[in-house]
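Structural features, examined
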Amino acid sequence: MSISIPDILIRPEAFFDNALAEKENLTVPALIILLGSIVAAIYGYLMGGLSAKMMAGMMPGMDSIILISAVAGAFVGTFIFWIIVAAVFYLISLAFKGQGSFSRVMEVVGYGYLPQVLGSLITLIAAIEYLPKVTVPILTKSALDNPEAIEAAMKTFMHDPAMVELTQITTLVAIVFMLWSAHIWIFGIKKARNISMRDSAICVGIPIVLYVLYLIHNLGAL
Amino acid sequence: MQKPAFSSILIGLLLVAGLVLPALAYETPESIVAAGKVYVSNTTYDPAVFFTGDTGTVTYTVSNGNTDLGVVVNHATLSEPNQKFRILDGTHQNSAQIGPGKSQTFTFTVIAEGSEGFYYPTFSLGFRDANSLFSKQMVQIDNTPLLLTVIDKPDAFTKDKKKMIYLQVANPRKNSVKNAYLEMTGDGASFTPTQVFIGEVAAGAKIPVNFSVAPGQETTLHLTLHYDNGDNPHSVTMDLPIIFGPDKKAASPIMSNVQVENLGGVWHVTGDVNNGGLETANTVLVTSLSPAVPEDPYKVYVVGALKPDDFGSFEITFSAENTETVPIRLSYKDADGNVYETVQDVKISATSINVPAGAGGGLPIVPMAAGLVIVVLFIGGWVYYLKRYKK
């Protein structure tokens, strides 16, 4: 079966009619997630670089630890996100007597993650533009004994005007592309779990809308 | 053998008489009366009051009070029975005529060899046609020197800082002294001026004398007041210890209200400088020292002059890595241009990070509204789709 990326993005119902007619295959979804995890890792490297700069003075080697953690966390986190989202959809769809396998759900979630890869690329470009403008407070050794100092530094870091602007842009981009993914996932879950369109919309819509509302709430907390 | 002629003998007698007679007194009642009108009209000692060992002069003015007769005087001498005043020069052996109403001076060089006290040297003057004239005039030997006193001086000195010392020269003697000047010496100390010329100091007078000293080390200043009593040099000395210590009146700029902020990796330190001293601190400068590296725009901040109890604000910028404290140097100059420095460590740990004013203030309405609109559109779109899908 040939994978049509435009079909995934624009005509998901037709795409899943074809794709899910085939035997379960996680290769392409995994590649999409891998692509997303690579972009996320690059973004994590840029953000981690700033955090490392902020905490480098606290302890020798602290910057390397932070950088590696940020890159690895972003890379692995994308795969974990894939599993968690699939699990949430799978569990909720049980209430609607869904019948498909979990791996089929993972396949759907993997395909539906494609818009978020595009969104990650946009946020990466924004990060490249904004991060050099961010003022990074420098923490020193004494901050190890002073959690309030670390908190104050983080607050300063997060409230930097450039950082605030970057966060707002990335959040809005994430919301748009997350809802785009949700749109794709609704069609996919319907097919994968053999439930109605309404039930699928509820399975996908509720957690995703809650997540998006959480993102909007975070915007207000900046 | 031929006998001399009578005329020759007479001529010889006349010649001898001509040679001898002028030396002989022709004491007559008139000449004695005339000599009685000759008197010592003035006596001048220079110096007026002697130190033991001083040499000087004494001048007698002899006046002829006759209006129509001149007197011939000779052999003027001066003597002091106890040899407390000894004549060095000036005995007058020649004859001189003092015309009617005229005066004649007789000057003697003397040396005062007695101890302190009053003495009465005797001046005698012989008359050709009468007896001698005697005169005793009092002269004093007084060994009281000039007084050199400190009127005001700093409580303590500071290395290389110029400070004024206020002295007073007083003359407790009965006569004036001249050519007075103050000479100052001291190891490692420089003086302005190097010497102070005072000139004549009248009897009972007091004259202020000021000079400044910049000591390079703790030392003792040797002050010597030179002066001449007549033509006799004298001096008095005074030692003045120079001890370093805190200057209680000095300017004392103090940093306060120091705040540290890191903006873009560059530390901004702001604060106030208060002058807690009693003198003006000029050209107050604030800058950071190593390991900090001063950065633009405020590598060095010039606060300017601060009067006592005055204050000024400063802001400096620097970068610093791997350090928790940065030494901040505050320097200023006194009125003489001497530079003073104080260094204060400023902690630049994370505890000093300030959240920029206004940060977190107010909700980001636009992005939140945009997010909500997107969610509403998504939900509305799907509700509409589901209704149409159901039909």
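Residues numbered from 1 in each chain as written. Chains lettered and ligands numbered in written order. Predicted model: local features only at pLDDT ≥ 70, side-chain atom pairs only at ≥ 80, totals over all residues. Heavy atoms only, no water.

1. With respect to the overall build of chain A
A count of helical and extended segments in chain A gives nine helices and zero strands. In chain A, the order of α-helices and β-strands from amino to carboxyl end is α-α-α-α-α-α-α-α-α. Residue burial in chain A is summarised as follows: out of 222 residues, 51% are buried. Of all intrachain contacts in chain A linking residues separated by at least 6 positions in sequence, the fraction that spans at least 24 positions is 78%. Accessible surface for chain A amounts to roughly 9,900 Å². Of this, 68% is attributable to carbon and sulfur atoms. (Helix = DSSP H or I, 4+ residues; strand = E, 2+ residues; numbered from the N terminus. Buried < 20%, exposed > 50% of the residue type's maximum accessible area, 1.4 Å probe, protein only. Contact = heavy atoms within 4.5 Å. Areas by Shrake-Rupley, 256 points an atom, 1.4 Å probe, with all protein chains shown as cover.)

2. Some details on the pattern of salt bridges
All chains considered together, the criterion is met by 11 salt bridges over all chains. With a shortest N-O distance of 2.6 Å, R11 of chain A and D7 of chain A are connected by a salt bridge. Take R11 of chain A: its relative accessible area is 46%, and that puts it in the partly exposed class. Assessed through its relative accessible area of 18%, D7 of chain A is described here as buried. Through salt bridges with shared partners, a single ionic network connects K161, K163 and E279 of chain B. (Salt bridge = Lys/Arg side-chain N within 4 Å of Asp/Glu carboxyl O.)

3. Looking at the sheet that holds strand β19 (residues 232-242) of chain B
Residue and element names in this part refer to chain B. If you walk across this open sheet you meet the four strands as β16-β14-β18-β19, and the pairing is antiparallel. The sheet is open, and its two edges are formed by β16 (195-201) and β19, each paired on a single side. The average angle at which neighbouring strand axes cross in this sheet is 15°, direction not considered. Inspection of the sheet shows strand β18 (residues 219-229) paired to β19 by 11 bridges, in the antiparallel sense. Residue pairing across strands places L223 opposite M238, the latter belonging to β19. (Pairing = 2+ DSSP bridges. Axes fitted to C-alpha atoms, helices over the stretch in contact; angles between N-to-C directions.)

4. Considerations on the confidence of the model for chain A
Per-residue confidence for chain A gives a mean pLDDT of 88; residues scoring 70 or more make up 95%. Ranking the helices and strands of chain A by mean pLDDT puts helix α5 (residues 102-112) of chain A first, with 94, and helix α7 (residues 147-158) of chain A last, with 76. (pLDDT = per-residue confidence, 0-100.)

5. Digging into empty space enclosed by the protein
Residues and elements named next belong to chain B. In the structure shown here, the tally under the stated rule is one cavity of 30 Å³ or more. Here the largest cavity defines a volume of roughly 30 Å³. Lining the largest cavity are K161, A250, A251, E279, T280, Y332, D334 and Y340. For the lining of the largest cavity, a count of residues per class yields four nonpolar, one polar and three charged. (1 Å grid on protein atoms, 1.4 Å probe; cavity = no way out; pocket = protein on both sides within 12 Å on 5 of 7 lines; lining within 4 Å. Points joined across faces, edges and corners; volume = space filled by probe spheres on them. Nonpolar A, V, L, I, M, F, W, Y, C, P; charged D, E, K, R; others polar.)

6. Some words on helix α2 (residues 29-36) of chain B
Residues and elements named next belong to chain B. The complete set of buried residues in α2 reads S31, A34 and A35. Taken down its axis, α2 places every buried residue within 100° of arc, on the same side. The outward face of α2, more than 90 degrees from its buried face, is lined by the exposed residues P29, V33 and G36. Taken together, the buried residues of α2 touch β1 (38-46), β4 (71-79) and β9 (122-127). (Arc of directions from axis to C-beta.)

7. Side note on the side chain of N175 of chain B
Residues and elements named next belong to chain B. Looking at where N175 falls in the secondary structure, it is placed in the loop between β13 (163-170) and β14 (177-185). Owing to a relative accessible area of 4%, N175 belongs among the buried residues under this scheme. Among the polar contacts listed, one links the side chain of N175 to the side chain of N229, at a separation of 2.6 Å. Excluding its chain neighbours within four sequence positions, the residues that come into contact with N175 are P47, A48, V49, A203 and N229. (Polar contact = N/O pair within 3.5 Å; in protein donor to acceptor, adjacent residues only side chain to side chain.)

8. Describing a nonpolar patch on the surface
Residue and element names in this part refer to chain A. Together, L31, L34, I38, I42, F75, V76, I80, I84 and V88 make up an exposed nonpolar region whose accessible area comes to about 700 Å². Listing elements by their share of the nonpolar patch, those giving two or more residues are α3 (27-55) and α4 (62-94). Broken down by element, the nonpolar patch gets its largest block of residues, five residues, from α4. Turning to its location among the elements, V88 is positioned in helix α4. (Patch = residues over 30% accessible without salt bridge, like charges linked within 9 Å, V, L, I, M, F, W, Y side chains within 5 Å.)

9. Focus: helix α2 (residues 12-19) of chain A
Looking only at α2 of chain A, the buried set comprises P12, F15, F16 and A19 of chain A. Down the axis of α2 of chain A, the buried side of the element spans an arc of 90°, and every buried residue falls inside it.

10. Things to note about the confidence of the model for chain B
In low-pLDDT segments, the atomic positions of the prediction should not be examined closely. All names here are of chain B. Per-residue confidence for chain B gives a mean pLDDT of 84, with 88% of residues at or over 70. Segment residues 16-25: pLDDT under 50, and five contacts once partners within four positions in sequence are set aside and those in other chains are kept. The low-confidence segment residues 350-360, where pLDDT is below 50, has 25 contacts with residues more than four positions distant or belonging to other chains. Per the prediction output, this complex has pTM 0.48; the corresponding ipTM is 0.84.

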